[in-house]
Amino acid sequence: MYGIITYFDKEKKEGCIQSEDGRLLNFKEDSFGPNLNVSFLDADVKVVFDADENGNVSSLMMLNEQPLLDEKIYYAEPSQIGIARESVPEGYELIDKSEYLLTREARSSKSLKLFLIDDCSKFGGNVLLDYTEEQVLRNSIGFSYYIYRGSARPAIMGKRDDNAPLSLYDLKHKLNHEKLLKYHQDEQNSRTGLKIAKISGLILLIIFTVGFILSLDR
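Residues numbered from 1 in each chain as written. Predicted model: local features only at pLDDT ≥ 70, side-chain atom pairs only at ≥ 80, totals over all residues. Heavy atoms only, no water.

### Here's the deal with a nonpolar patch on the surface
Judged by side-chain polarity, Ile199, Ile203, Leu204 and Ile207 come together as a nonpolar surface patch covering roughly 410 Å² of accessible area. The topology assignment puts Ile207 in helix 3 (residues 177-216). (Patch = residues over 30% accessible without salt bridge, like charges linked within 9 Å, V, L, I, M, F, W, Y side chains within 5 Å. Areas by Shrake-Rupley, 256 points an atom, 1.4 Å probe, with all protein chains shown as cover. Salt bridge = Lys/Arg side-chain N within 4 Å of Asp/Glu carboxyl O. Helix = DSSP H or I, 4+ residues; strand = E, 2+ residues; numbered from the N terminus.)

Take a look at the structure:
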């Protein structure tokens, strides 16, 4: 039987396998086959093993040039991009997520969420995790107003469905991590540039003020 390791504790030498028939099976050190190199075991490693009707795993070995299990497991995506404030909704599995947060500002909470959802789709995500928002007072010339500032993490979730069009492999490669990294770097550079501009402006203001004071003493 084929499967993929979803969790492995290297110290305890035990973990969990998602088998090709959809079962989650636990295994321990006594489940290992002969000559298995334990140092290579980790999450997402594809394995072959025997399992009895009670789910007891034996003869566990790593796959060598076997068909990709990820291409044989199918998942349905959410019908529309949503926001999960704390966790993935029941019945769905978290398949991939970004290391970086998306950030936005808007005049209303509703607009903020719509902007983030639109950004999420551009990076290939189908759900937003770790959503936060805050109301911030923005000062302008002659008046002040409130804006909403928020952030969220684009991710991929899915529900196991043998009739769905996308495989687990498809979903694992759907989120554009390279594009997200560039977005993060651009955001960092923009913040750095803004800080430099503020510091430069402050220095010029100080120079102008000192020069004005000295001119009064003449």
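### Digging into the pairing of strand 10 (residues 127-140)
Where strand 7 (residues 82-84) meets strand 10, three bridges bridge the pair, whose relative direction is parallel. Residue Ala84 lies in a different strand from strand 10, and its bridge partner there is Leu129. Bridge count for strand 10 against strand 11 (residues 143-160) is twelve bridges, and the pairing is antiparallel. Looking across to strand 11, one finds that Glu134 is bridged to Arg149. (Pairing = 2+ DSSP bridges.)

### Regarding the confidence of the model for the protein chain
Taken over all residues, the pLDDT of the protein chain has a mean of 85, while the share at 70 or more is 84%. Taken element by element, the protein chain is modelled with least confidence in helix 3, mean pLDDT 75, and with most confidence in helix 1 (residues 109-122), mean pLDDT 96. (pLDDT = per-residue confidence, 0-100.)

### Side note on the sheet that holds strand 4 (residues 46-51)
Backbone hydrogen bonds hold the strands of a sheet together, and the pairing may be parallel or antiparallel. Taken in spatial order, the five strands make up an open sheet running 3-2-1-4-5, and their pairing is antiparallel. With partners counted over all chains shown, the strands left at the sheet margins are strand 3 (24-27) and strand 5 (57-62), one partner each. Along the sheet, successive strands turn relative to each other by an average axial angle of 40°, direction set aside. The pairing of strand 2 (residues 14-19) with strand 3 spans four bridges and is antiparallel. Counterpart to Gly15 in the pairing with strand 3 is Phe27. (Axes fitted to C-alpha atoms, helices over the stretch in contact; angles between N-to-C directions.)

### Some points on helix 1
Helical geometry note: an α-helix holds 3.6 residues per turn, so side chains three or four residues apart project in the same direction. Compared with the 20 Å implied by 1.5 Å per residue over 14 residues, the 20 Å span of helix 1 between its first and last C-alpha is a close match. Buried within helix 1 are the following residues: Ser109, Leu112, Leu116, Asp119 and Cys120. Along the axis of helix 1, the buried residues cluster in a sector spanning 105°; they form a single face. For helix 1, exposure combined with an orientation more than 90 degrees from the buried face picks out Lys110 and Leu114. Considering only its buried residues, helix 1 is in contact with strand 9 (102-106), strand 10 and strand 11. Downstream of helix 1 by one or two residues, Gly124 has phi in the positive range, about 95°. (Expected span 1.5 Å × (residues − 1). Buried < 20%, exposed > 50% of the residue type's maximum accessible area, 1.4 Å probe, protein only. Arc of directions from axis to C-beta. Contact = heavy atoms within 4.5 Å.)

### Overview of the packing of aromatic side chains
Going through the model one piece at a time under the given rule, you end up with three aromatic pairs. Pairing Phe27 with Phe32 gives two aromatic rings, centres 6.2 Å apart and planes at 50°, and the pair type is tilted. Seen from the ring of Phe115, Arg104 lies directly overhead, with NZ or CZ sitting 4.7 Å from the centre. Residue placement shows Lys179 over the ring face of Phe123; its charged tip is 5.4 Å from the ring centre. (Phe/Tyr/Trp six-rings, centres within 6.5 Å; stacked < 30°, edge-to-face > 60°. Lys NZ or Arg CZ within 6 Å of the ring centre and 35° of its normal.)

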